[in-house]
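# Coordinates in review
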Amino acid sequence: EGLAISWLTIREDSPYAEGTIADTQARSRTGVSIVAILRGDRAIPAPTPDAGLEPGDTLVVVGTAKGIKELSKLLGS
C-alpha cells in the first residue's frame, strides 16, 4: 500500500479536542504520523507529542490510506 497525505479537522465533538497528539496515540494505533497542525492562519510544523489540539485545527497527516481512514474515525472527523 502506498503513502498518502491528508488533512483531518478536529471537530468540537472530537474526543481529542482540547487534548494532545499523545492522547490520540495516532502512530501506534494507526501507523499515521501527524506532521503539522494548521490553526487559523498559522502552521505548527513537526508538532511534538505534547502539542495541544483545538476544535477547528486541521491536522496534516501522512500514512497509508487505510491508516488515515482509521485515524479519521478515531478523531471523529
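Before reading further, recall that the structure is shown in the block above.
Residues numbered from 1 in each chain as written. Predicted model: local features only at pLDDT ≥ 70, side-chain atom pairs only at ≥ 80, totals over all residues. Heavy atoms only, no water.

## Quick notes on unusual backbone geometry
Backbone phi values are negative for most residues with the exception of glycine, while trans is the configuration of most peptide bonds. Note the following rule: Secondary structure is summarised from DSSP: a helix means a run of H or I of at least four residues, a strand means a run of E of at least two, and numbering begins at the N terminus for each. Residue exposure (1.4 Å probe, protein chains only): buried if accessible area is under 20% of the type maximum, exposed if over 50%, otherwise partly exposed.
Look at Gln25: it is not a glycine, yet its phi comes out positive at around 50°. In this fold, Gln25 is placed in the loop between helix 1 (21–24) and helix 2 (26–30). A relative accessible area of 46% places Gln25 in the partly exposed class. At Ala46, a residue that is not glycine, the phi angle is positive and equals roughly 45°. Here Ala46 is to be found in the loop between strand 3 (42–45) and strand 4 (58–63). According to the relative accessible area criterion, Ala46 is exposed, its value standing at 63%.

## Here we look at the nonpolar core
Selection criterion: Residues belong to one nonpolar core when they are buried, are Ala, Val, Leu, Ile, Met, Phe, Trp, Tyr or Cys, and are joined through side-chain atoms within 4.5 Å. In this analysis, two residues are considered to be in contact whenever any of their non-hydrogen atoms come within 4.5 Å of each other.
Core analysis: the biggest nonpolar cluster contains 18 residues, and Ile37, Leu53, Leu59, Val61, Leu71 and Leu75 have the highest contact counts within it. When contributions to this core are tallied by element, the ones reaching two or more residues are strand 2 (33–39), strand 4 and helix 3 (65–75). Of all the elements, helix 3 adds the most residues to this core, at four residues. In this view, Ile37 contacts Ile21, Arg42, Ala43, Ile44, Pro47, Ala51, Gly52, Leu53, Asp57, Thr58 and Leu59; residues no more than four positions away in its chain are not counted.

## Quick word on the environment of Leu53
As for its position among the elements, Leu53 is in the loop between strand 3 and strand 4. Leu53 gets classed as buried once you look at its relative accessible area, which sits at 1%. Between the alpha carbons of Leu53 and Tyr16 there is a distance of 6.9 Å; along the sequence they are 37 residues apart. Apart from the residues lying within four places of it in its own chain, the contact partners of Leu53 are Ile10, Tyr16, Ala17, Glu18, Gly19, Thr20, Ile21, Thr24, Ile37, Arg39 and Leu59.

## Observations concerning the pattern of salt bridges
Our working rule: Here, a salt bridge means any side-chain nitrogen of Lys or Arg that lies within 4 Å of a carboxyl oxygen of Asp or Glu.
Under the defined criterion, the tally for this structure stands at three salt bridges. For Asp13, the salt bridge is made with Arg11, and the minimal N-O distance between the two is 2.8 Å. For the salt bridge of Glu54 with Arg39, the shortest nitrogen-to-oxygen distance reads 3.5 Å. Taken together, the positions of Glu54 in the loop between strand 3 and strand 4 and Arg39 in strand 2 put the pair 15 residues apart, joining distant regions of the chain. What makes Glu54 partly exposed here is its relative accessible area of 36%. Overlapping salt bridges bring together Arg39, Glu54 and Asp57 as one network.

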